[in-house]
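As a plain string of letters, each chain reads:
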Amino acid sequence: MHTPEPDEARVETVIAALLYLMTHYARTGCPRLALCVSRHMQCLASHPEAPGVLRDICASLHGAWSHAAAPAAPDRGPLH
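About the criteria used
Residues numbered from 1 in each chain as written. Predicted model: local features only at pLDDT ≥ 70, side-chain atom pairs only at ≥ 80, totals over all residues. Heavy atoms only, no water. Helix = DSSP H or I, 4+ residues; strand = E, 2+ residues; numbered from the N terminus. Expected span 1.5 Å × (residues − 1). Buried < 20%, exposed > 50% of the residue type's maximum accessible area, 1.4 Å probe, protein only. Arc of directions from axis to C-beta. Contact = heavy atoms within 4.5 Å. Core = buried A, V, L, I, M, F, W, Y, C linked by side-chain atoms within 4.5 Å.

Chemist: Got a minute to help me understand helix α2 (residues 31–45) in this structure?
Modeler: Every α-helix carries 3.6 residues per turn, so stepping three or four residues along brings you back to the same face. With 15 residues, α2 should reach 21 Å at 1.5 Å per residue; the first-to-last C-alpha distance of 21 Å fits that figure. What α2 keeps buried is the set L33, A34, V37, S38, M41 and L44. For α2, the angular spread of the buried residues around the axis is 145 degrees, confining them to a single face. Facing away from the buried side of α2, by more than 90 degrees, are the exposed residues R32 and R39. Among the structural elements, α1 (11–28) and α3 (52–69) are those in contact with the buried residues of α2.

Chemist: Is there a simple way to think about the nonpolar core in this case?
Modeler: The nonpolar side chains of a soluble globular protein tend to be buried with one another. In terms of nonpolar packing, the biggest core is built from 15 residues, with L18, Y25, A34, V37, M41, L44 and W65 touching the most fellow members. Elements with a contribution of two residues or more to this core: α1, α2 and α3. Apart from residues no more than four positions distant in its own chain, W65 is found in contact with M22, Y25, A34, V37, S38 and M41.

What is shown is where atoms sit, not what they do.
Okay, structure coming up:
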């Protein structure tokens, strides 16, 4: 008997949440949203059912989103 995967762990669910978070980050620039995006990228980068290209892209973008989530240093300048 096959036990369905919980919705939270499905690749499609994580991608949908990631798109939602990225859209709201684009509207607000909130560093907390950037941190959530970074964590979702990290989750997809290690998800066994995610396509390889998606894992690779998320692994490479994870650092940029972590940087966006860091408190702004006075000498760092704008994020955009």
